[in-house]
Amino acid sequence: MTSILTSKWNKALETIRTRLPKEGEAYQKWFAPILPIAWENNILTIRVASAEVYEKIENDFIDELSTGLITAFGENVQIKYQFPAKEEQTIRPTGTDGSTGAAALGFATHLDGRLSLETFYPSDCNRLAYNAGLQIIKEPGKSLFNPLFIHGASGVGKTHLMHAIGNQITAENPALKVVYIPAQTFKRQFVTATIMDKNNGRFFAYYHNIDVLLIDDIQELREAEGTQNAFFQIFNNLKLLGKQIIITSDRAPIDLKGMEERLYTRLRWGLTVEINRPDAALRKIILTKKIEEAGVKVPAEVFDFIVAHTKDNVRDIEGSLTSLLAHSLFRNAPLNLDLAKQVMAQTVGLEEKAVDLPEIIKCVTTFYNVTREDLESKKRTRTITTARQMVMYLAKKHTSATLKVIGAHLGGRDHSTIKYGIETMEALLSTEQKLRGDLRHISDNLGL
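Residues numbered from 1 in each chain as written. Predicted model: local features only at pLDDT ≥ 70, side-chain atom pairs only at ≥ 80, totals over all residues. Heavy atoms only, no water.

A. Focus on the sheet that holds strand E4 (residues 148-151). Taken in spatial order, the five strands line up as E5-E6-E7-E4-E8 in an open sheet, and their pairing is parallel. Where the open sheet ends on each side, the last strands, each with one partner, are strand E5 (178-182) and strand E8 (271-274). For this sheet, the mean inter-axis angle between neighbouring strands, taken without regard to orientation, is 15°. Across four bridges, the pairing between strand E6 (residues 212-216) and strand E7 (residues 244-249) is parallel. Pairing of leucine 213 across the sheet is with isoleucine 245, part of E7. (Pairing = 2+ DSSP bridges. Helix = DSSP H or I, 4+ residues; strand = E, 2+ residues; numbered from the N terminus. Axes fitted to C-alpha atoms, helices over the stretch in contact; angles between N-to-C directions.)

Okay, here's the thing in structure tokens:
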């Protein structure tokens, strides 16, 4: 043990001691026996007596330990635990199916190799999440996007993107331990380790040694306090070690009722991003690819009909095409618009969804990369003014909102201002080709 390491460790212990109860029993029992083993590349290796000590520190004293290490070793310190040889033999990693042995020791990724970046198509509805994923792939755990929390409705591509990121990291960094786990499976593993096996040491040892953790459908941990506590410990340790965490959910963090406050705050540490329902541009790309894969020809009017009526999720696009082709084949019926209407009335329904003013505002602000606050403000930059007048025009054309109501949604502007904005947009659309292109793009995204 070098004198520098000893000096730094003693400094860390002094800070830890001051943050523990005055009587010092906790310090003597849990921290005094720890031995610092190595300090290299900002990674501190310490030896603890057993898995019990390791779990106690992670469970009850992680904040004290983190503060001590930052004080002595700096902000970017990472910690690695080491056990005596006998203890190491008793703590085996647990696989995602609860198994132990060679497969678990090999850290099977449980990634679906079919879900790659090549088959995930970026568009306005998912581009931020996609670009964040590309940054994570470059340096897992080192970017600002840690954790990356992706939320959105079912079928919009959250799990696909998660697998794609994991597969690409594995391809570029084969030595990294990348593990995908559905939250329900994680919960089942913890219950099995804690209640049935009465030994969760190997459960924690497995997850604390992962480099990239991909946990799907985190909302499944709501109300499961014990499992939340376990995930909290694992989250803290991986974050401290500079490991990457990616989480998906069917709702935003703020809507995750039943989560502990301390876990809830950690879920928001990095980047929270929503994947929206597929816009028209993405639906066209996906449908084109599926048609190419099927090796069939689809009339343009049928293509447009599928795109117009599969707005909710990606699965509807593939399902509608598959059903349509099956009906055409087995009924020996022509692949035309009449057949598409018959089939899709049963698969996705053909009831037209009315567009509302908030939806128009969201779509326009996304397209022009401005905020709702920009529209409501008095700013008159070209982009903001165009976006504001586009909202006025679309709202008047496609909703039943009065000029007064439209004005209320745009910062309380009076009806004469709204009327002028609509007339201005109509005049510009008659002369500016680019603006007409903007309108087509926004209208497609709204399904108009």
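Back to the write-up after that little detour.
B. Inspection of the packing of helix H3 (residues 51-60) against helix H11 (residues 225-240) at higher detail. Here H3 crosses H11 at 90°, and the two axes come no closer than 9 Å. In terms of orientation, H3 and H11 fall into the roughly perpendicular class. Packed against H3, whose contacting residues are Glu55, Glu58 and Asn59, the element H11 presents Asn229, Gln233 and Asn237 at the interface. For the contact of H3 with H11, the residue count by class is no nonpolar, four polar and two charged. (Parallel < 35°, antiparallel > 145°, perpendicular 65-115°, else oblique. Contact = heavy atoms within 4.5 Å. Nonpolar A, V, L, I, M, F, W, Y, C, P; charged D, E, K, R; others polar.)

C. Here's a closer look at unusual backbone geometry. Cis rather than trans, the peptide bond between asparagine 146 and proline 147 has omega equal to 5°. Tracing the chain through its elements places proline 147 in the loop between helix H7 (127-138) and E4. Residue asparagine 42 is not a glycine yet carries a positive backbone phi of 65°. Relative to the elements of secondary structure, asparagine 42 occurs in the loop between strand E1 (35-40) and strand E2 (43-47). On the accessibility criterion, asparagine 42 (35% relative accessible area) is partly exposed. In this structure, asparagine 332 takes a positive phi of about 55° despite not being glycine. Relative to the assigned elements, asparagine 332 resides in the loop between helix H15 (314-330) and helix H16 (337-347). Taking relative accessible area as the criterion, asparagine 332 reaches 69% and is therefore assigned exposed. (Buried < 20%, exposed > 50% of the residue type's maximum accessible area, 1.4 Å probe, protein only.)

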